[in-house]
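Understanding the architecture of this molecule
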Amino acid sequence: MLRVGVISSHGGSNLQAIIDACGSRRIDARVTVVVSNNAGSGAITRAREHGVPGFVLNSKTHPDPDGLDIAIADVLTDHAVDVVCLAGYMKLLGARTLDRFRNHVLNVHPALLPRFGGRGMYGLRVHEAVLAAGEKTTGVTVHIADASYDHGPVVAQRPGVPVRSDDTPETLAERVLASEHVLYVETLGRIASGEIDLERIAVGATTYREQP
Ligand code: GRF
């Protein structure tokens, strides 16, 4: 069974989708720990509602960045995490955590990377850029996270999310978020089944296949 650690700053809807998929046995995985930098986050609330250990780790609990990095890495290790899922985590993970879980830290981005990604491209800004570019469709990406924003090898993408002429960034964000939930759960299921090998993707030995 794949043991998943989720790191999330805000609402935690991706976390909820993953918890639900695990609970219904749709995927052979279990969320063993949740970390958030935000004590008031929906992610921490959802974790506690579902009996998942939740830890608030941030610059207040650990003013020294290295100490925070070690604390995050240790909490993930203590809960025997196989794959770390970033979902709306607004910080960069520290070097120790990235090293200890090398090639096993995933992030979900609300667009089809490499387009509409990188520093500053998060939340509604992504959808504003997609609308400004006049895109007719958009999509979501799950990629291996590294020390740069929205960088790292693509693991899976889900194109085909319609952009409507009357969309606002908010209405588009809502439609894309639903697609994130599907892709993250699907991708974790394929990792759990062995169909996706993150090490091979990380070394470029294989590329992701678009969902049929
Ligand atoms: C969403 O805005 C998503 O696009 C991005 O971060 C946020 C995660 O939302 N990955 P949630 O906390 O999982 O609801």
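Summary of the structure given here. (Residues numbered from 1 in each chain as written. Predicted model: local features only at pLDDT ≥ 70, side-chain atom pairs only at ≥ 80, totals over all residues. Heavy atoms only, no water.)

Observations regarding the nonpolar core
Short version of the rule: Nonpolar core, defined: a set of buried Ala, Val, Leu, Ile, Met, Phe, Trp, Tyr and Cys residues in which side-chain atoms within 4.5 Å join the residues together. Whether a residue is buried, partly exposed or exposed follows from its accessible area with a 1.4 Å probe, protein chains only, as a fraction of its type maximum: under 20%, in between, or over 50%, in that order. By definition, any uninterrupted DSSP run of H or I lasting at least four residues is a helix, any uninterrupted run of E lasting at least two residues is a strand, and each is numbered from the N terminus. Residues are treated as being in contact if the distance between any of their heavy atoms lies within 4.5 Å.
Val31, Leu106 and Leu188 are the most contacted members of the largest nonpolar core, which totals 43 residues. In terms of residues, this core owes the most to one element, helix α6 (residues 169-192), which gives seven residues. Other than its neighbours up to four places away in sequence, Val31 contacts Val4, Val6, Leu15, Ile18, Ile19, Cys22 and Val52.

A word on the site of the ligand
Going by this rule: The near set for a molecule or strand comprises every residue that places at least one heavy atom within 4 Å of it. Definition of a polar contact: a pair of N or O atoms within 3.5 Å, with one able to donate and the other able to accept a hydrogen when the atoms are protein atoms, and with sequence-neighbouring residues admitted only if both atoms are side-chain atoms. In short, Shrake-Rupley with a 1.4 Å probe defines the accessible areas, and a residue's cover is counted only from the protein chains shown. Under the scheme applied, nonpolar residues are Ala, Val, Leu, Ile, Met, Phe, Trp, Tyr, Cys and Pro; charged residues are Asp, Glu, Lys and Arg; polar residues are all the others, including Gly.
Neighbouring the ligand are Ser8, Gly11, Gly12, Ser13, Asn14, Gly88, Val108, Pro110, Leu177 and Glu180. Separating an oxygen atom of the ligand from a backbone N or O atom of Gly11 is a distance of 3.5 Å. Here a nitrogen atom of the ligand and a backbone polar atom of Val108 are 3.2 Å apart. For the ligand, whose unbound accessible area comes to 360 Å², protein coverage reaches 82%. At the level of secondary structure, the elements contributing two or more residues to the shell around the ligand comprise α1 (13-23) and α6. Considering only residue class, the shell around the ligand consists of three nonpolar, six polar and one charged.

A word on the packing of α1 against helix α2 (residues 42-49)
Rules: Comment: axis = line fitted to C-alpha atoms, over the contacting stretch for helices; angle = value between 0 and 180 degrees taken between N-to-C directions. These descriptions rest on fixed angle ranges, namely under 35 degrees for roughly parallel, over 145 for roughly antiparallel, 65 to 115 for roughly perpendicular, and the rest for oblique.
Orientation of α1 relative to α2, taken along the N-to-C sense of each, is 20°, at an axis distance of 9 Å. Judged by the angle between their axes, α1 and α2 are roughly parallel. Residues Ser13, Leu15 and Gln16 of α1 form the contact with α2, whose participating residues are Ala43, Arg46 and Ala47. For the contact of α1 with α2, the class distribution of residues is three nonpolar, two polar and one charged.

Things to note about the environment of Ala17
Along the chain, Ala17 falls in helix α1. Using a relative accessible area of 13% as the deciding quantity, one classes Ala17 as buried. Distance from Ala17 to Tyr184, taken between C-alpha atoms, is 8.4 Å for residues 167 residues apart in sequence. With residues up to four places along the chain from it excluded, the contact list for Ala17 reads His181 and Val185.

In short, shape yes, function no, at least from these values alone.
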